[in-house]
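Below are the chains, spelled out letter by letter.
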Amino acid sequence: MDFSRRQALCTGGGLGAAALLAACGGGAGTAPAAGGSPRRGGTLRVGALGRTSAITRDPHGTQGNESDYLVIALVHDTLTAPGGKDNNTVARLASAFTPSKDLRTWRFTLAEGAAFHDGTPVTADDVVWSLRRLRGTPSGAARLPGITAGHITADGKRTVVLVSDYANAELPLLTRLSTFVLKKDTPDKEIPGAPGTGPFKLDWYRGGNARLLRNTDWYGGAVHLDAIEVTMFQSPQAMANAMLSGQIDVASNAGAVAARTARARRDVQVVRRPDDMAMPIVMRTSGGPFADARVREAMKLLVDREAMVRQVLSGYGSVANDILGTGDPAYAGDLPQRRRDLARAQRLLTDAGFDFSRTYQLVTTEDVAGLAESATLFASQAREAGVRIEVVKQESGAFYQKTWLKGDFYTNYWGTNDSVVFFASKTLTTGAGQNETDWSDQEFDAAYRKVLATADRTARTAALRDLQRIEHDRSGYLLWGMADGIDLAAPKVRGLPKLPGYGRVQLENVWLAP
Amino acid sequence: MSTTAKAARPRTRRPRPRALVPAVPALLLVLLALTGPLLAAHPVDRPVTAPYGEAGTGGAPLGGDQLGRDVLSRLLHGGSALIGSALAVAAVVTFLATLLGCFAVLGPRLGRLVERAADTAILLPSVLGIMLLALAWPGGGRLAVSAAAVVLGTPYAVRIVAGAAAPLAATGFVEAATASGERLAHLALREILPNLRATVLALFGLRFVDAVYVIAMAGFLQLGPRPPEADWALMIRENGPGILLNPWAVLAPGLAIGLLAVGVNLAANALAPATVRRAALR
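Keep in mind the model is a prediction, meaning the values are calculated, not measured.

Scoring rules and cut-offs
Residues numbered from 1 in each chain as written. Chains lettered and ligands numbered in written order. Predicted model: local features only at pLDDT ≥ 70, side-chain atom pairs only at ≥ 80, totals over all residues. Heavy atoms only, no water. Helix = DSSP H or I, 4+ residues; strand = E, 2+ residues; numbered from the N terminus. Buried < 20%, exposed > 50% of the residue type's maximum accessible area, 1.4 Å probe, protein only. Contact = heavy atoms within 4.5 Å. Areas by Shrake-Rupley, 256 points an atom, 1.4 Å probe, with all protein chains shown as cover. Lys, Arg positive; Asp, Glu negative; His and termini not counted. Charge placed at Lys NZ, Arg CZ, Asp CG, Glu CD. Buried area = accessible area lost by both parts, 1.4 Å probe. Salt bridge = Lys/Arg side-chain N within 4 Å of Asp/Glu carboxyl O. Pairing = 2+ DSSP bridges. Patch = residues over 30% accessible without salt bridge, like charges linked within 9 Å, V, L, I, M, F, W, Y side chains within 5 Å. Core = buried A, V, L, I, M, F, W, Y, C linked by side-chain atoms within 4.5 Å.

A. View of the overall build of chain A. In terms of helices and strands, chain A carries 16 helices and 21 strands. Each principal axis of the C-alpha distribution contributes one length, and for chain A these read about 70 × 65 × 40 Å. Among the 514 residues that make up chain A, the fraction classed as buried is 57%. By sequence separation, contacts in chain A at least 24 residues apart represent 71% of the contacts at least 6 residues apart. Element-wise, carbon and sulfur atoms account for 51% of the exposed surface of chain A, whose accessible area totals about 19800 Å². Charge separation in chain A, taken as the distance between the mean sites of 61 positive and 55 negative side-chain charges, equals 3 Å.

B. Inspection of the interface of chain B and chain A at higher detail. Listed per partner, the contact involves 22 residues of chain B and 21 residues of chain A. When the two sides are added together, the surface that chain B and chain A hide from each other amounts to roughly 1800 Å², 56% of it contributed by carbon and sulfur. Here chain B and chain A share three salt bridges between them. Here Glu366(A) ties to Arg237(B) by a salt bridge, and the two come within 3.2 Å at their closest N and O atoms.

C. The pairing of strand E12 (residues 269-278) of chain A, seen in detail. Residues and elements named next belong to chain A. Along E12, seven of the 10 residues are buried, which leaves the element largely enclosed by surrounding structure. In terms of strand pairing, E12 meets strand E19 (residues 481-489) through seven bridges, oriented antiparallel. Looking at the pairing, valine 270 lines up with leucine 488 of E19.

D. Layout of the pattern of salt bridges. Per the stated rule, a full pass over the model turns up 41 salt bridges over all chains. A salt bridge links Asp45(B) to Arg383(A); the nearest nitrogen and oxygen atoms lie 2.6 Å apart. Of this pair, Asp45(B) sits in the loop between helix H3 (23-39) and helix H4 (71-106) while Arg383(A) sits in helix H12 (residues 371-383), placing the two residues on different chains. A salt bridge links Glu229(B) to Arg142(B), with the shortest nitrogen-to-oxygen separation between them at 2.9 Å. In this pair, Glu229(B) sits in the loop between helix H10 (197-220) and helix H11 (232-238) while Arg142(B) sits in helix H7 (residues 141-169), placing the two residues 87 residues apart along the sequence. Look at Arg142(B) and you get buried, because its relative accessible area is 18%. Here the salt bridges share partners, and the residues they tie into one network are Asp441(A), Glu443(A), Arg469(A), Asp473(A) and Arg474(A).

E. Layout of the side chain of Arg260(A). Checked against the element boundaries, Arg260(A) lands in helix H8 (residues 256-263). Although Arg260(A) is buried, it makes no salt bridge; Glu54(B) carries the closest opposite charge, 7.2 Å away. Those residues within four positions of Arg260(A) in sequence are excluded, and the remaining contacts are Ser314(A), Tyr316(A), Ala50(B), Pro51(B), Tyr52(B) and Leu245(B).

F. Spatial organisation of a nonpolar patch on the surface. Residues and elements named next belong to chain B. On the surface, a cluster of nonpolar side chains totalling about 470 Å² of accessible area is made up of Val92, Phe95, Leu96, Leu99, Leu100 and Leu189. Among the elements that make up the nonpolar patch, the one with the highest residue count is H4 (five residues). Along the chain, leucine 99 turns up in helix H4.

G. Spatial organisation of the nonpolar core. By size, the foremost hydrophobic cluster in this structure holds 71 residues, and its most contacted members are Leu44(A), Leu79(A), Val160(A), Ile228(A), Leu488(A), Val493(A) and Leu507(A). Counting residues per element, this core draws most heavily on helix H3 (residues 66-75) of chain A, which supplies seven residues. Judged by nonpolar contacts, the second largest core, of 60 residues, contains Val71(B), Ala86(B), Ala148(B) and Leu187(B).

In C-alpha cells form, the structure reads like this:
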C-alpha cells in the first residue's frame, strides 16, 4: 500500500517538484547509512507540530508550538545550549562563563565574531537588553530565577554580568532555554522579522510555515544546509504521513505510533532521542487525598512501570524512578528502582486511612500522544488494588486554566527533561513558580540550596544525590517512565540531533547526502 | 362477499414470515451486543498485546487497541450501552411525540404552540445543542447525551405524528365522538392513537437509528462515555492514530455501528404494517 502510494506520487509528476523526485529516488531497499563527510548544499524540509491559535513570533513569549520554537531557535541564539550526557550545558553565543568565588556573580563572554544577520556585531548591551526583556515577561521570574533585571549588566563590549540573589552554581544551565538575543531597542512591532544571531536567517514566514536561509557568517562554524523549510502540522499523524509520502524530509517529534508505522519501511530513518519527555502523574501534596506521604508512596507502588512503558509508549521509552531529570549526568541511578508492590501499597493506604469507597478523578488532556492513555492504564492498574480512579479528559485550554498547578491529581508532561536542578528550581522548591504539586519540604529546600552553593563538582554530585533521594521518597511526582523523542527522517538526512528536549532544534550540523 | 374474504386473507397473512426476514440481522446484532460481555475472552481494560497489535497476536483475533487491549472483547462489551441508551432515547422520544402529536391535532391552541416550538427546535443545530448540554452538565456522561438526544429528537417526531394524525382528526368517527361529548384525553388516546400504530412503529425505528447516530457522534466528540469504557464510537476516536498498524481497531466498531443502524432500519421497515409501506411506495 505504501509502495503504490509512493509510486502514484512519483508518476503523477505533474507537480513537477524536484524535491519530490529526490524523495522517490531513495527507492525501496536502501538502508539508511550513517557517516560520510558533510556535504554543503540542499534544502531540508522539516515538519513540526503546532496550532494556528498558539502561534507566537516573540522569542521571549511563550512558545506553545514546536514549530515556533524551532524557527525562533534557528534564527535567534541562546547564550548556552544543551549538551550531551557528560556536560549538559555547552557554550553557544556565550563562549565562556565563569563564576565568582561565592558563585553569585557570573560573567558571560560573548563568542568571537558573533554578529547579527545584518552584519552588526553583537555587543554586551544587546544581550543585557534581551535578558532584561525576557525577565520582564509574565513568567520572567521563572525563566531567570534569582536574577532581578537590575542585576543584569554589561562590562565592556563583550562581557555580560549576571548577579544572582543567592549562590547558584547551575546558573548557566538556566540560560540554555529561552535567552534568545535580539538587537538592543528592537521595537515590539519589528520583533517578528528582527535579525538574530543564529545559524539561519529568516527568508519568509507565513502562518507557522517558514523558510530559513544559511547564515554564511555564523560564528559557530560552517552551516551545511542552504536552507531549511519549516512546515507546521496540526497532528503527528498528518506529519508522519507527509514524511512517508516524501513531502518533508524530517518529521520532528512524530511519536511512537508513527515510528512503528514507519518501521516496515526501510527507507525511513527512525531517530530515537532517549530521556526526551517526562510524563509524570502529579499529586497535590498540600491538601486533598494525597497530602499524606504514605498515600503518595502507595500510588507510586501501584503502577506497573514496565507495562506503562510497553503499552503507552509502545516500548519507545524507559522506566523511571519518580525523579525528574533523568538525562542529568548526575542522575542518581543507584537509588533503588521502585517496583510494583500491591500488598505494601494496600498496607500503606490502610495505615493512612485512605478512603477506598471514593472514586478519585485523574484529570488529563490529549496534548501529547500517550498522555491520556497513561491515565487510562494507570486507572485500571490502580483498580487491581481496590483504588477507584476515574479518568477525566479536559480540553487543553480548560486543563491549563482549571487543573494545572491547582488540581489534586492530574497528568502532566515536560519536554525539557535534562537536569535535576532545572526541575528542582522550577517545580519542587518552596514557592517555585510552577510548583505543580504544591510541595514544600524544608529538607529538600536545604538540599537544593546546598547544591547551588557548592562549586566543587564531586561535592555537588553528592549533594544532588541527597536532593534526588528526598524527591524519590516523598515528592508528589509519580514518574513512571521517560518517553523517547522520535523523529522520522529520509535516508539522505545526516547529522540529526540526538539530544533530548530542546536539543532537537540544533539543526546546524545537519547535511544532506547526495 | 365470501370470495373476496378468501382472496383477501392469504394476502394479508402470507407476507408476514417473509417480512420478518429483514428483521433478523438487527435482532441477531442486538442479541450479540447484549450477551457480548459474557462472550468476551478478555477483560476490557487489561492489555493483552502490543499497542495496535496486529490481528491474531496475544489471543486477540482483531488485534489490540491503543493500549494493547483486545479489540474483540471491547467490541463485545461496547454494544450494550450504546444499544441500551439508543433504545431508551427512541422509546422516550416516540412516546412524547405520540402523546404531544395526538393532543396537538385536537386542540388548535396546543397545536400552534407545539408547531412553533417544534419549528424552532428543528432549526437549532443539533451538534451545538448536544455540546451545550454536555458541557453544562459536567459528569453527566451518557445521561447528558441521552437527554440531549431526547430534547433534540422530539420536535421533529412531533411534527411527523401530528402530520399523520391530522387527517384522522377530521374523520367521521372522531367527529362523532366529539359530538357525543367525549373528553380530549379519550379522543386522543382511544380514537386517534390506535389508528397511528404503523406511523408510531416506523417512527420508533427511525428514532432508534437517529439515536444511535447522535449518541455515537457524541461519543466520537468525547462528550458522553469516558475511557476506559468500551464504547464503539469512542473506540473509533481513540484508535484513529494507529489505523495503519491495526485497522481493525477502527474498522470493527465502525462496521458495528453501521450494521446496527442499517439492520434496525430494515427491521422497522419490515415490521411496519403493510399499509404504510404501500402508501410510501405509491
